[in-house]
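Structural description and commentary
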Amino acid sequence: MLEFSESTYTQRKTLFVEVILPLAISRNYTYRVPFEMNNAVAVGKRVVVQFGKSKLYTAVVAAITEHAPKKYEAKYIIEILDDNPVVTEGQLKFWSWLSEYYMCNEGEVMNAALPSALKLASETKVMLNKDFEYDKASLNDKEYLITEALSIQPELTISDIVKLLGQKTVLPILKTLFEKNIVNISEEVSERYKPRRRTYITINPAYHNQDSLRELFAILEKRAPKQADAVLAYIKLSRQQKIVSKNELIEESGSGESSIKSLIEKEVFFAEDRNVSRLGHDDSEAINEFTLSAAQQLALEEVNRSFGDKDVVLLHGITSSGKTQIYIRLIEQMVATGKQVLYLLPEIALTTHIIERLRMYFGSDIGVYHSRFNDNERVEVWQKVLNNEYKVVLGARSSVFLPFSDLGLIIVDEEHETSYKQYDPAPRYNARDAAIYLANMHQGKVLLGSATPSFETYYNARVHKYGLVNLSERFGGVQLPTIEVVSISEELKRKTMQSHFTSVLMADMALALEAKEQVILFQNRRGYAPVLMCRVCAYTPKCINCDVSLTYHKHSGKLHCHYCGYKEDSPSICPACGSTHLEYKGFGTEKVEDELSVLLPDVKLARMDLDTTRSRNSLQIILNNLEEKKIDILVGTQMVAKGLDFADVTVIGIINADSLLKYPDYRANERSYQMLAQVSGRAGRRDKQGKVVIQTYDPNHRVIKQVIENDYLDLYLTEMEERKSFKYPPYYRIINLDIKHKNAEVLYNQAEYLANELRKHFGDRVIGPEPPLINRIRNYYIKSIMLKFERDTISIVKAKAIVRDVITQFQTTKLSKGSIVQPDVDPY
DNA sequence: AGCACGCCGACT
DNA sequence: GTCGGCGTGCTC
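Residues numbered from 1 in each chain as written. Chains lettered and ligands numbered in written order. Predicted model: local features only at pLDDT ≥ 70, side-chain atom pairs only at ≥ 80, totals over all residues. Heavy atoms only, no water.

As a structural note, the neighbourhood of DNA strand B is formed by Leu23, Ala24, Ile25, Lys55 and Tyr57. Within 4 Å of the protein, atoms of DNA strand B come from sugar and phosphate in 70% of cases. Note that a phosphate oxygen of DNA strand B is positioned 2.2 Å from one of the side-chain N or O atoms of Lys55. In the environment of DNA strand B, a phosphate oxygen lies 3.2 Å from a nitrogen or oxygen atom belonging to the side chain of Tyr57. (Near = heavy atom within 4 Å. Polar contact = N/O pair within 3.5 Å; in protein donor to acceptor, adjacent residues only side chain to side chain.)

Quick look at the structure:
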């Protein structure tokens with residue numbers, strides 16, 4: 001920047017800025033800088049500009065020039081919001097790469113990158129922060145006016161405030177109010193992340209000696225026998241374990257909450273609310289000082305060695321091999337050199353213990369970034385990363401957008417997880433891939449960790465683009481579960497099946513229940529029955545939007561579409577032929593649960609799928625119940641495969657593996673394998689080997705064999721190479737085009753037309769549009785066209801350039817008015 | 001993303 | 001006759 005010595009010069013010079021607006025528009029726009037702001041403008045600062053008729057937006061300065069635009073008169077910047085840039089130049093480069101790579105606008109990237117409190121606009125809503133007491137005397141007149149208005153009306157838009165104050169420049173005032181924590185800025189009501197809290201009970205030290213205890217007991221026994229029970233139970237429990245939770249005490253003693261409450265009032269018990277980790281209590285202390293096992297130590301050294309000549313290393317470690325400890329060591333190493341570390345986790349995993357585990361270890365140096373955080377918290381993390389106060393950040397996919405200055409290492413845990421990919425609004429980025437670019441910008445390293453790596457990552461490791469480190473020993477001597485494959489057809493022949501359960505599974509479940517252990521049953525279909533069919537005419541109800549058969553849900557008594565959410569009443573007579581012989585075909589989690597409750601009436605059953613976890617805390621409640629042993633058998637969909645580290649689950653039953661093996665997706669086998677391996681990996685405890693029962697009609701299926709042999713990627717890739725049958729990624733690069741339109745018929749025509757246009761350039765590499773499956777999401781019908789390129793036959797850059805061209809032409813053609821084409825790049 | 005402009009159908 | 005639906009184009 002030009003400094004004081006030339007201040008008179010800069011005063012006279014006319015400067016222009018190119019800004020990124022948080023909108024889906026294709027270009028950046030140029031604004032003129034008023035002379036008095038010449039010294040204050042800088043790349044990366046936020047400015048307020050008017051765009052269009054009357055709207056104000058927060059834009060980010062991407063460049064400063066001296067050249068006046070020739071074709072139009074530039075508008076002036078209204079104000080500059082920041083004293084120091086909030087976006088680094090590195091981030092601007094990252095945004096620009098991302099918009100190029102994922103074929104979207106920089107504005108869309110900006111939208112995803114900035115917490116909404118950093119991009120105030122006329123329509124942004126402002127409200128009082130209820131959790132915060134502020135001192136009215138400390139406010140100036142205008143701030144007072146705003147807070148008063150907000151105490152009458154719960155929320156105001158920025159335009160309202162402009163009217164209220166009768167002046168245009170209100171954002172700096174709001175910025176101060178926001179910084180003082182007096183107001184909140186919000187688009188949606190984001191729930192505050194709550195660490196799990198639990199009430200623990202300790203006994204008053206006065207009763208540590210036998211005499212006083214006996215005395216207490218004598219009194220209680222007469223007046224309040226329930227309370228006496230509670231004291232007894234406490235003594236019993238405290239002999240067995242270090243810490244006693246209130247819930248355990250209630251259960252053990254059989255006395256109610258009120259008895260314990262009155263004991264607390266009498267100061268016999270003390271209650272204390274504490275954050276609990278999902279680790280067992282015995283682990284929580286060991287965490288601060290741990291030593292790596294020999295295998296872990298070796299893996300760590302190999303990772304370090306690999307980083308010598310590779311920028312990306314895949315740590316392929318089986319479930320429970322203790323990858324987290326290796327991560328912790330790597331983070332320590334990096335923090336010691338003063339560099340920053342980003343630890344990426346898939347969204348769901350962030351509710352588990354890992355945050356607390358790392359917090360315990362690294363204390364306040366660690367920042368957490370999470371979609372469940374509210375905006376104030378997100379901005380706080382943003383600022384602290386910018387000021388280098390956080391050396392370590394733990395976060396979900398959006399944390400790749402934080403303003404890092406010197407990133408030495410990015411850890412991508414559970415690298416294969418699909419939740420790293422953002423689908424709906426652009427940028428449709430994959431945080432794992434973006435992280436690799438980001439690390440490269442900082443000349444940092446990337447560690448990809450997974451028990452079941454994705455094809456493309458494993459492929460890259462195999463061709464030595466990435467380093468590869470294997471960790472194939474479970475930590476702490478935990479044994480891998482035994483896997484038994486049971487043929488359903490065999491058992492049917494012998495008539496030993498009970499509803500959907502083979503005799504083997506029934507026997508194993510009985511053993512586990514007897515030992516007071518838990519069981520997870522996996523059925524990859526929700527609802528009661530996926531198909532309703534007329535026995536007479538074979539009519540099947542289908543979704544009016546999506547052309548898929550509707551699933552019957554018993555709890556609602558309705559037929560649901562699992563694609564778009566459409567519902568209709570389940571018919572009692574066939575709408576086609578009037579027959580009453582309607583049959584439910586197939587089965588889902590609801591039916592499994594239903595039939596199990598008949599077979600095992602005394603068992604505590606629960607179900608975990610999209611339907612039972614839709615409401616806010618229900619997932620947490622189920623997990624808590626599982627942990628507190630209020631559930632004996634949990635029936636669930638893929639959800640059960642993830643983040644159930646703590647459970648006392650020794651038996652896992654896969655009700656019907658075939659529904660997985662026929663997964664209608666081009667990455668079918670990869671997913672089936674991952675799912676089976678992940679579910680299976682959950683079986684067993686430190687002191688007890690687990691058992692997995694896979695029920696199937698096809699015991700010789702290749703994927704099942706691969707699960708048993710615990711090898712998949714090598715077997716598969718070798719096979720593919722030998723046969724040169726380029727059937728799956730990683731041999732492909734794919735561009736998906738989602739075309740959307742409000743009218744289904746128009747959509748068909750346009751998709752057809754677009755596909756043909758693309759065929760002119762790419763020939764039979766264009767797949768689709770495949771009739772007739774169309775999904776209706778919100779107000780749009782959506783249809784996909786896929787462009788598939790064999791690796792190395794065309795550069796993805798060139799392919800994207802052509803695609804962009806075709807789309808632009810397509811959108812200016814008469815035929816395509818009103819349709820939207822959204823490109824999505826899968827860089828396999 | 002807004003917003004205006006403009007072109008067609010269905011109302012007082 | 002006008003009101004209002006949304007298709008289209010533009011915003012520095």
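Let us keep going from here.
Moving on, we get to the pattern of salt bridges. Scanning the entire structure with this criterion turns up 31 salt bridges. Residue Asp309 pairs with Lys310 through a salt bridge whose shortest N-O separation is 3.9 Å. Between Arg535 and Glu583 there is a salt bridge; the shortest N-O distance is 3.6 Å. In this pair, Arg535 is assigned in the loop between β21 (531–534) and β22 (551–553) and Glu583 in strand β25 (residues 582–585), connecting sequence segments 48 residues apart. Look at Glu583 and you get partly exposed, because its relative accessible area is 28%. Among the charged side chains, a salt-bridge network with shared partners connects Glu415, Arg432, Asp433 and Glu456. (Salt bridge = Lys/Arg side-chain N within 4 Å of Asp/Glu carboxyl O. Helix = DSSP H or I, 4+ residues; strand = E, 2+ residues; numbered from the N terminus. Buried < 20%, exposed > 50% of the residue type's maximum accessible area, 1.4 Å probe, protein only.)

The seven strands lie next to each other as β14-β15-β13-β16-β17-β12-β18, forming an open sheet whose pairing is parallel. Looking at the sheet topology across the chains shown, the edges are occupied by β14 (366–369) and β18 (467–471). Averaged over all neighbouring strand pairs, the angle between strand axes comes to 15 degrees, with direction disregarded. Looking at chain direction, strand β12 (residues 312–317) and β18 are connected through five bridges and run parallel. Note that in β18 the partner of Leu314 across the bridge is Leu468. Most of the contacts of helix α17 (residues 455–462) go to β12, to which it runs at about 115 degrees, and overall it touches β12, β17 (445–450) and β18. (Pairing = 2+ DSSP bridges. Axes fitted to C-alpha atoms, helices over the stretch in contact; angles between N-to-C directions. Contact = heavy atoms within 4.5 Å.)

Another aspect to go through is the protein's contact with DNA strand C. Around DNA strand C, a shell composed of 13 residues is seen, among which Thr30, Phe51, Tyr72, Lys75 and Lys817 lie nearest. Close to the protein, within 4 Å, the atoms of DNA strand C are drawn from sugar and phosphate at a rate of 50%. Take Arg27: an N or O atom from its side chain is 3.1 Å from a base nitrogen of DNA strand C. Sorting the residues of the surface near DNA strand C by element identifies β2 (29–33) and β3 (46–51) as the ones contributing at least two each. Looking at which element gives the most residues to the surface near DNA strand C, the answer is β2, with three residues. In the surface near DNA strand C, the residues fall into six nonpolar, four polar and three charged. (Nonpolar A, V, L, I, M, F, W, Y, C, P; charged D, E, K, R; others polar.)

Membership of the largest hydrophobic core comes to 150 residues, with the highest contact counts inside it found for Phe94, Trp95, Val400 and Ile410. With seven residues, the top contributor of residues to this core is helix α16 (residues 431–441). Beyond its immediate sequence surroundings of up to four residues, Phe94 is in contact with Val400, Phe401, Ala434, Tyr437, Leu438 and Met441. Core analysis: the next-biggest nonpolar cluster, separate from the first, contains 33 residues, Ala295, Tyr343, Phe362 and Phe373 among them. (Core = buried A, V, L, I, M, F, W, Y, C linked by side-chain atoms within 4.5 Å.)

With that settled, the discussion passes to the pairing of β12. For β12, the buried fraction is high: six of the six residues fall into the buried class. By the alternation rule, side chains of β12 split into Val312, Leu314 and His316 and Val313, Leu315 and Gly317, which are all buried. Where β12 lies against β17, five bridges are found, and the strand directions are parallel. By the bridge assignment for β17, Val313 is matched with Leu447.

Next up on the list: the domain arrangement of chain A. Where interface size is quoted, it is often the accessible area lost as the parts come together. What the domain assignment lists for chain A is domain 1 (6–118), domain 2 (125–185), domain 3 (196–276), domain 4 (294–470), domain 5 (482–528 + 587–720) and domain 6 (732–825). If you average the C-alpha positions of domain 5 and of domain 6, the two centres end up 38 Å apart. (Domains from an automatic or database assignment.)

Quick look at unusual backbone geometry now. Here the amide bond leading from Ala426 into Pro427 is cis, since omega sits at -5 degrees, within 30 degrees of zero. Summarising the element assignment, Pro427 is placed in the loop between β16 (407–413) and α16. At Met103, a position not held by glycine, the phi torsion is positive, near 55 degrees. One non-glycine residue, Lys495, adopts positive backbone phi at about 60 degrees. A relative accessible area of 74% means that Lys495 is categorised as exposed.

To continue, consider the side chain of Gln695. With respect to the helices and strands, the residue Gln695 is situated in strand β29 (residues 691–696). Residue classification places Gln695 among the buried positions, given a relative accessible area of 0%. For Gln695, the side chain forms a polar contact with the main-chain oxygen of His500, separated by 2.9 Å. With residues up to four places along the chain from it excluded, the contact list for Gln695 reads Val486, Ile488, His500, Phe501, Thr502, Leu505, Ile654, Ile655, Asn656 and Ala657.

Here we take up the sheet that holds β22. If you trace the three strands from one edge of the open sheet to the other, you get β22-β23-β24, paired in antiparallel fashion. Lying at the two open borders of the sheet, with one neighbouring strand each, are β22 and β24 (567–569). Adjacent strand axes in the sheet meet at a mean angle of 35 degrees when their direction is disregarded. Inspection of the sheet shows strand β23 (residues 558–560) paired to β24 by three bridges, in the antiparallel sense.

The first and last C-alpha atoms of helix α13 (residues 323–336) sit 20 Å apart over 14 residues, in line with the 20 Å expected at 1.5 Å per residue. Counting buried residues along α13, 10 of its 14 residues qualify, which places the element largely inside the surrounding structure. Those residues of α13 not exposed but buried are Lys323, Thr324, Gln325, Ile326, Tyr327, Ile328, Arg329, Leu330, Ile331 and Met334. One or two residues past the end of α13 sits Gly338, with phi positive at roughly 85 degrees. (Expected span 1.5 Å × (residues − 1).)

When you line up the elements, Val635 lands in strand β27 (residues 633–636). Each C-alpha atom, one on Val635 and one on Leu521, is 4.7 Å from the other, the two residues being 114 residues apart in sequence. In contact with Val635, not counting residues within four places along its chain, are Leu521, Thr589, Val592, Glu593, Leu596, Leu605, Ala606, Arg607 and Met608.

The end-to-end C-alpha separation of helix α27 (residues 796–812) is 24 Å, in line with the 24 Å expected for 17 residues at 1.5 Å each. Considered for burial, the residues of α27 that qualify are Ile796, Ala799, Lys800, Val803, Val806, Ile807 and Phe810. Along the axis of α27, the buried residues cluster in a sector spanning 125 degrees; they form a single face. In this structure, α27 carries Val797, Lys798, Gln809 and Thr812 as exposed residues pointing more than 90 degrees from its buried face. Looking at the buried residues of α27, the elements they touch are α2 (89–101), β30 (732–741), α26 (744–762), β33 (780–790) and β34 (820–826). (Arc of directions from axis to C-beta.)

Inspection of every chain in the model, using the stated rule, returns 17 aromatic pairs. Plain terms: the ring middles of Phe94 and Trp97 are 6.4 Å apart, the flat faces sit at 15 degrees to each other, and that makes the pair stacked. Of this pair, Phe94 and Trp97 both sit in helix α2, three residues apart, roughly one helical turn. Both residues of the pair, Phe94 and Trp97, belong to the buried class. Measuring from centroid to centroid gives 4.0 Å for Trp97 and Tyr437, while their planes differ by 5 degrees, and the two rings are stacked. Of the two residues, Trp97 sits in helix α2 while Tyr437 sits in helix α16, which places them 340 residues apart along the sequence. Here Trp97 and Tyr437 have matching classes, each one buried. Members of the aromatic cluster, joined through ring pairs, are Phe94, Trp97, Tyr101, Tyr102, Phe401, Tyr429 and Tyr437. One Lys or Arg, Lys421, reaches over the ring of Tyr423 and ends 5.6 Å from the middle of that ring. Its guanidinium or amino end placed over the ring of Tyr732, Lys788 lies 4.5 Å from that ring's centre, counting from NZ or CZ. (Phe/Tyr/Trp six-rings, centres within 6.5 Å; stacked < 30°, edge-to-face > 60°. Lys NZ or Arg CZ within 6 Å of the ring centre and 35° of its normal.)

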